[in-house]
Every structure is written in C-alpha cells, then in structure tokens.
Amino acid sequence: MLIIDRISSSYDQVRVLSDISMNIKEGEVLGLLGRNGAGKSTLLKSIMGLIKIDEGTIRLDDVVLSKKLAHEIPECGIGYIPQGRRLFPQLTVEENLKMGLYTRNSNNDVLDWALSLFPVLKTRLKQKSGTLSGGEQQMLATARALCLKPRYILMDEPSEGLMPKLIETIFDIVEKLKSENVSVLLVEQKIEGTLRISDRIVFIENGTLKEETTPEQLNDNPEPLEKYVGVKSQKDAGSQSFK
Amino acid sequence: MDTWIEETLPMVFLAVLDGTVTAFVLALIALGLSLVFGVMRIVNVSHGEFFMLGAVFSWFAYHWTADSVWGFVLALLIAPVIVGFIAVFSERFILRKVEYNPESTIVATIGILYIIQQLTLMGFGPEARPVEAPIYFRVSFPWFGYSGYKLLVAVMSGLCLCGIWLLLKRTKLGLYMRATQQDYEIATTFGVPTKKIYASVFALGGGLAALAGVLVVPIRQADHLMGLEPLLLSFIVVIIGGLGSIRGTIIAAFLIGISDGIISVFYEPTLAKMLATLFVVMILIIKPSGLFGENYQ
C-alpha cells in the first residue's frame, strides 16, 4: 500500500500542500479531483520526490519513499505520467520506451506488453517522439511509464488535449491496469470517465484534502462535486471538464 | 592562367589539409564544451584550461619517461583521466554548490580558469616548452611533403569523435545523457541519477579537451596561457553549430577549421579569426539558436 501520511510541501516558501493524508491500495484506482491550482500535480510531484516535502512521510509498504532521492523512487515500482506528456522530444519512440525499460531492468516481454496496448507505436519506433501527434504522444507517455512495470502509476491529466475516442482508450487502459493489479492515482479533469473507473474519489482544495468518497456515494449525493469542482451532478458532468 | 593554377592549387591543398587537421582537433574540444552546455546548461569558461592541462601533463609525461613514444602513450591514457577527476572535483564542490545556476556558474568557471592557470604557472613556469612528437614521418604529395604526425592527429581525433558518437547513440549512459539534456526532471522519474550524469558529462568534456591538448602539444608548445585561443574558437564553433547540438558542433568545427586554414594561408591568420567572429555575430542576429540548434518543445 502507498501511504501518504500528513505531508506538507512548499514552493519558494509558499505552502502548497498542507497536512495531506491518504492511501492507495493495491489494484485500486483512486481519482483525485480538484480545481486548477488546488495542488493535485504538486501532490504527484511530491510522491515522485520532485518536490521536497516539508513534513510528513510517504511510504510504500515498509519503504519510506520520502527519505529516498528522487531517482531512487521509480526503482520501487512507481511510474509517473506527467501533465503535458513531457516526452524526450529528440529521442525516438524506441529510445523513450527504453528509458522506461532501463529503470527497473525490465525485459522485452514488458516492452511487448506495453506495445500490445498501443499497437500504433510499433510502426513509429524509429520516429522522433516530438514529431508524433498529440494522441500518439499520450500513448507513448503511458507506454513509457508502463515499461518500468510499475506497481503504482501516477497519471496527471492523461486525457488533456485528446479527442474523445482516445480519451476512452486511455480510460480503458487504466481499467486494464487495474485488472492486472496495478494501482493508479488518477488526476483528471474529465469527471464522468474518472468516476466510472475509480474505486474511490478524493477531493482536494487549496492544498488540503477535503473529502473522501466513492463514485456510488457521489451518485446519491453529488454535493462534493459542485463544491469542489463546480459540477452539479454526474449526469451534468457528461464528458465535460471543469476549470 | 596555367601557371596561376599550378601555383595556387598546392596552396589550396595545403590550406585544406591544415584546416582539416585544425577542424578535427577543434571538433574534439568544442564537442566537450557543447555537451556540457547541452546537458548541464553551463557555459564553461574554464574549458580551455582543461585543454592546457592536457598539454602540460603531456610535457611532464614526456620528461618523466624520457621517451617521446611512451611519454605520448602515457599522456594519452593518464591526462584525460586526471583532468576528468579535476572536472568532477570542480563539479562536485563548486558548480553543485551554486546549484548550476547559469549566471553563477559563469563566474564560478572564470574562477576555476584562474585557479588552474595560476597553479600551472606556479608548477610549470611561464615559458613555453616543446614536446617531441611520438613519431616522425612525412607523407609525400605531388607538390610537397606533409607531417605524418598531423595526419595521425586528425585520424585519432576522428576516431575519438566516432567513439563519442557511439557512446551517445548506442549506450545506456549516452541515452541518459541525452534524456537529461532534454528534460532532467522527467529523466529523474525514470531512475536517472541526474547529478551523476552532470558529473560524468563535465568529466567527459574536460577529458576530451585534455585529449586534444595531448594530441596538439607536439605541433605547438605547452604553456599556461594556451587555453585561451581554443576556448574562443570553441565558443565560435558551438554558437555557429547550435548550443547543445553535436552534429552542429562537428559541422561548424569543419566550417571554421577549413576556412581558417584557407584564409590563414592566403591572407592573415588574424583575418580568419576576425571573419569567424563576424560570422558568429551574424548567426546571433539571424539565427540565435545556431545553424543546427535543437528546438525542443
């Protein structure tokens, strides 16, 4: 289990996260919702060690991640798909995937598995990743993270800028990962899809965790949706995103 | 007309030959500077001093072994390693302390330049000292004979450049270096120890410059101020080629090296430097990212 225990983080002495506690169980999809600037991406970066936490601890089972150097955290089996994809644009598709493979010395079976999820990438292996379309870039960013064979994967707005069909593909992949016992912490703006695939939902506002619930509970009582993301109900959410 | 061609052609050939040798060595030095800038975003003003140290260590090796061949081999093996360690030391205790801040590192590397230069002055002395070439033979062309050692320098530099190319394109370390160059934060999330990569790149850059120093010292003499000219030329090459672009650096080195050779033979070496500097100004105005500057998203 990934346990986040009372962590606080700051950017240039400005407190961005305050006293956040949550956990992600194995094989679980946890949706993290909140408005822009609420601290969702900062939380993901804090888990990855990219932002140093001021207080609290982050543990993966018995391993204290928050005491590790940032580059040691992926070796524990945590993959990260950043917002905006952030591929290595001058590296080829194959080289981007190798970055994932090298992280935990994964073998070619892992590569085959990742490519089987996104077959279009097979035909683009020698192409520079910066020349791919937006959808292909998102597929590559996901496949790259999967190549490290993660136990936990942190996804920061994977549907951003994608057409609806591709968004569905990404959500299908999340469900597939869940079926393979990979845990997912999903930061998303597409509420309907997030509620459909998540086991639990946590709401974050101004760097503080406000409420934890389930999609079923939100169906009965959609008040947190309106309060924290400005959407009146699941039906209203449709495929819209919030700001 | 025929007489003019007969007189000019050998000079052009000589100029191109000299220019090519210069280009290979320059590419070796400038590649180190370009790598350091590309990956670490650091303008290393002390880069020329690593070149100078290579030449000075070569002189010491030559005198210690009292044999031009063994001295050369020893210097070739040891100088890049020692300079690499000096570079790692500088990276660890100076550049890392200023958190690789671009402005601070310029001042810091100027400091490193003076420290290395003055320590060399104290230990080596102010005079220029010759080092004998490990081999001496002349390659005969229809119009003149040419130093075989100079051609050997070009071949060895070329082999080193191929080696660096293979390192960057075919190895895990090279992949990590290129990934760090493009996005060090995301490279970290794939287990890349970026600080170690920075140290490796700085050592590699210093080592390449030192290697060039070892190769060049039999052609010219070793002295504590010899790092300044290659530093200037390397900056010219790297700016023209595009900061951080390996391909651009090598092409620009040949552009500058061969044009330098031709202009120096027919006019004045100073004019060659002036024109190269003018070319840099034009590049900075017309295409600031350089001829082959990589455009990242």
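For the structure, see preceding data.
Residues numbered from 1 in each chain as written. Chains lettered and ligands numbered in written order. Predicted model: local features only at pLDDT ≥ 70, side-chain atom pairs only at ≥ 80, totals over all residues. Heavy atoms only, no water.

Visitor: What exactly am I supposed to notice about the overall build of chain A here?
Guide: Check the secondary structure of chain A and you find nine helices and 10 strands. Taken against the 2.2 N^0.38 rule, which gives 18 Å for 243 residues, the C-alpha radius of gyration of chain A at 17 Å falls within 12% of a compact globule. C-alpha atoms of chain A, sized along the principal axes, occupy 50 × 40 × 35 Å. A buried classification covers 56% of the 243 residues belonging to chain A. A separation threshold of at least 6 residues defines the contact pool for chain A, and within that pool the share at least 24 residues apart is 68%. When the accessible surface of chain A is summed, it comes to about 10,400 Å², and 45% of that surface belongs to carbon and sulfur atoms. Charge-centre separation for chain A: the mean point of 32 positive side chains lies 4 Å from the mean point of 34 negative side chains. (Helix = DSSP H or I, 4+ residues; strand = E, 2+ residues; numbered from the N terminus. Rg over C-alpha atoms; globule rule 2.2 N^0.38 Å. Buried < 20%, exposed > 50% of the residue type's maximum accessible area, 1.4 Å probe, protein only. Contact = heavy atoms within 4.5 Å. Areas by Shrake-Rupley, 256 points an atom, 1.4 Å probe, with all protein chains shown as cover. Lys, Arg positive; Asp, Glu negative; His and termini not counted. Charge placed at Lys NZ, Arg CZ, Asp CG, Glu CD.)

Visitor: Would you mind showing me how to read the interface of chain B and chain A here?
Guide: In this complex, chain B contributes 21 residues to the contact, which on the side of chain A involves 26 residues. Here chain B meets chain A over a buried area of about 2,100 Å², counting both sides, of which 64% is carbon and sulfur. In this structure, the connection of chain B to chain A is made through four salt bridges. For Asp183(B), the salt bridge goes to Arg86(A), with nearest N and O atoms at 3.0 Å. For the pair chain B and chain A, the interface holds five residue pairs in polar contact (both at pLDDT 80 or more). Listed by contribution, the elements that provide at least two residues to the side of chain B that touches chain A are helix 6 (172–182) and helix 7 (184–188) of chain B. Considering each element in turn, the side of chain B that touches chain A owes the most residues, six residues, to helix 6 of chain B. (Buried area = accessible area lost by both parts, 1.4 Å probe. Salt bridge = Lys/Arg side-chain N within 4 Å of Asp/Glu carboxyl O. Polar contact = N/O pair within 3.5 Å; in protein donor to acceptor, adjacent residues only side chain to side chain.)

Visitor: Hey, could you run me through the environment of Pro126(B) in this one?
Guide: Residue and element names in this part refer to chain B. By secondary structure assignment, the location of Pro126 is in the loop between helix 4 (102–124) and strand 1 (138–140). Here Pro126 falls in the exposed class, since its relative accessible area comes to 59%. Sequence-distant contacts of Pro126, that is, excluding residues within four places in its chain, are made with Leu121 and His224.

Visitor: When you look at the nonpolar core in this model, what are you seeing that I'm missing?
Guide: Side chains that are nonpolar tend, in soluble globular proteins, to be buried together. Residues Leu2(A), Ile78(A), Met99(A), Leu185(A) and Met40(B) are the most contacted members of the largest nonpolar core, which totals 116 residues. Looking at which element gives the most residues to this core, the answer is helix 1 (residues 2–40) of chain B, with 14 residues. If you count residues domain by domain, this core takes at least three from each of domain 1 (2–77 + 151–237) and domain 2 (89–150) of chain A. Once residues within four sequence positions are removed from consideration, Met40(B) is found in contact with Leu35(B), Glu91(B), Leu95(B), Tyr100(B), Tyr198(B), Val201(B) and Phe202(B). Residues Leu101(A), Leu121(A), Ala145(A) and Leu146(A) belong to the second largest nonpolar core, which totals 36 residues. (Core = buried A, V, L, I, M, F, W, Y, C linked by side-chain atoms within 4.5 Å. Domains from an automatic or database assignment.)

Visitor: How do you make sense of the state of the cysteines when you look at a structure like this?
Guide: Disulfide: a covalent bond formed between the sulfur atoms of two cysteine residues. For the coordinates displayed, the defined rule picks out zero disulfides over all chains. There is no disulfide at Cys76(A), and the cysteine sulfur nearest it, in Cys147(A), is 19 Å away. In this structure Cys76(A) comes out as buried when scored by relative accessible area, which is 16%. Among the cysteines around Cys160(B), which has no disulfide bond, Cys162(B) carries the closest sulfur, lying 9.2 Å off. (Disulfide = S-S within 2.5 Å.)

Visitor: Could you clarify how one ought to interpret the pattern of salt bridges in this entry?
Guide: Oppositely charged side chains may form a pair once their charged atoms are brought near each other. Enumeration according to the criterion identifies 21 salt bridges over all chains in this entry. Between Arg200(A) and Glu212(A) there is a salt bridge; the shortest N-O distance is 2.7 Å. Of the two residues, Arg200(A) is situated in strand 9 (residues 200–205) and Glu212(A) in strand 10 (residues 208–213); the sequence distance between them amounts to 12 residues. Judged by its relative accessible area of 10%, Arg200(A) is buried. The class for Glu212(A) is partly exposed, based on a relative accessible area of 47%. Among the salt bridges present, the one from Arg220(B) reaches Asp223(B), with a minimum N-O distance of 3.3 Å. If you follow the salt bridges from partner to partner, you end up with Lys45(A), Arg86(A), Asp183(B) and Glu185(B) in one network.

Visitor: What's the story with unusual backbone geometry in this structure? I'm lost.
Guide: Among all residues except glycine, the phi angle is most often negative; among peptide bonds, the trans geometry is most common. All names here are of chain A. One non-glycine residue, Arg86, lies in positive phi territory at about 45 degrees. Among the structural elements, Arg86 can be located in the loop between strand 6 (78–81) and helix 2 (93–103). Judged by relative accessible area, which is 27%, Arg86 ranks as partly exposed. Positive phi values are uncommon outside glycine, yet Asn105 reaches one of about 50 degrees. Mapped onto the elements, Asn105 comes out in the loop between helix 2 and helix 3 (108–117). For Asn105, a relative accessible area of 63% puts it in the exposed group.

Purely geometric numbers; function is a separate question.
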